[in-house]
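An overview of the molecular structure
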Amino acid sequence: MATATKGNFNMDRKLISISSKRQITIPQKFFEMLQFTDEAECVVRGNELVIRPARTNSGGEFAEHILAELIAKGFSGDELLKEFKIQQAKIRPAVEAMIAEADNVASNNGEYYSYDDIFNAED
C-alpha cells in the first residue's frame, strides 16, 4: 500500500484487480477505516469512480420541506410519494455540485459570489 500526498492530505493508495465479472475487493484497511457495512455507494465524479460506504437515508434534512412544498402544489397519495422520491434524489447531486464548486473557488479555479451577490442585500 502506497501513500501519496495531495495538497495537505495524505492519501493511502492501493492498486486492486477487477475480476472478469467486474468485481473488486475493498482492501481491509480501507473497509475498516471508512466503516463499510454490507453496502457501498458508487458515484461518478468527473473521470473518477468514488466508492464509499452507503449512507442510510433517514428521510434527509430536507424531507419536511420537500413534502410541505409538494403538498402545497396539490400532490397526494401515490403521486405525492412518487414526486417526493424524485425530488429527494436531486438533493445529493445538488449538494455535491455545490461542494465541487466551493472546492474550485477555494483553489482559485472558479468564480465566486459575495453574500450580497447571492442574497441581494443592501447596506
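Above this text you will find the structure in question.
Now for a description of the structure that goes with this document. (Residues numbered from 1 in each chain as written. Predicted model: local features only at pLDDT ≥ 70, side-chain atom pairs only at ≥ 80, totals over all residues. Heavy atoms only, no water.)

This paragraph deals with the side chain of R52. When you line up the elements, R52 lands in strand 4 (residues 48-53). For R52, a relative accessible area of 12% gives the class buried. Polar side-chain contacts of R52 include one of 2.5 Å to the side chain of E96. If we ignore the near neighbours within four places in the chain, the residues touching R52 are F36, A40, E41, V43, R45, R92 and E96. (Helix = DSSP H or I, 4+ residues; strand = E, 2+ residues; numbered from the N terminus. Buried < 20%, exposed > 50% of the residue type's maximum accessible area, 1.4 Å probe, protein only. Polar contact = N/O pair within 3.5 Å; in protein donor to acceptor, adjacent residues only side chain to side chain. Contact = heavy atoms within 4.5 Å.)

What follows covers unusual backbone geometry. With phi around 65°, R22 is a residue other than glycine that occupies positive phi space. With respect to the helices and strands, the residue R22 is situated in the loop between strand 2 (9-13) and helix 1 (28-33). The backbone phi angle of Q35 is positive, close to 60°, even though this residue is not glycine. Its place among the elements puts Q35 in the loop between helix 1 and strand 3 (40-45).

With that settled, consider the pattern of salt bridges. Where charged atoms from two side chains of opposite charge come close, those side chains can pair. The final tally for this structure, using the stated rule, is five salt bridges. Across the pair E41 and R92 runs a salt bridge whose closest N-O atoms are separated by 2.4 Å. With E41 in strand 3 and R92 in helix 4 (residues 91-106), this pair connects stretches of sequence that are 51 residues apart. Residue R92 is classed as partly exposed on the basis of its relative accessible area of 30%. Because the salt bridges share partners, they merge into one network encompassing E41, R52, R92 and E96. (Salt bridge = Lys/Arg side-chain N within 4 Å of Asp/Glu carboxyl O.)

Structurally, the position occupied by R55 is in the loop between strand 4 and helix 2 (63-72). Since its relative accessible area comes to 47%, R55 is described here as partly exposed. Between the alpha carbons of R55 and A40 there is a distance of 8.3 Å; along the sequence they are 15 residues apart. Not counting chain neighbours up to four residues away, the residues in contact with R55 comprise E41 and R92.

Helices that pack against each other are described as a pair by the angle of their axes relative to one another and the distance between those axes. Contact geometry for helix 3 (residues 77-89) and helix 4: axes closest at 4 Å, N-to-C directions at 15°. One finds that helix 3 runs roughly parallel with respect to helix 4. For the pair helix 3 and helix 4, the contacting residues are Q87, Q88 and A89 in the first and I91, R92 and P93 in the second. Looking at the contact of helix 3 with helix 4 residue by residue, the classes come out as three nonpolar, two polar and one charged. (Axes fitted to C-alpha atoms, helices over the stretch in contact; angles between N-to-C directions. Parallel < 35°, antiparallel > 145°, perpendicular 65-115°, else oblique. Nonpolar A, V, L, I, M, F, W, Y, C, P; charged D, E, K, R; others polar.)

Let us now look at the pairing of strand 4. Direction of pairing for strand 3 relative to strand 4: antiparallel, over a ladder of six bridges. The residue bridging A40 from the neighbouring strand is P53, located in strand 4. The turn linking strand 3 back onto strand 4 is made up of two residues, and G46 within it adopts a positive phi angle of 65°. (Pairing = 2+ DSSP bridges.)

On to the packing of aromatic side chains. Summed over all chains, the structure comprises one aromatic pair. Measuring from centroid to centroid gives 5.6 Å for F31 and F36, while their planes differ by 15°, and the two rings are stacked. With relative accessibility at 33%, the residue F31 sits in the partly exposed group. (Phe/Tyr/Trp six-rings, centres within 6.5 Å; stacked < 30°, edge-to-face > 60°.)

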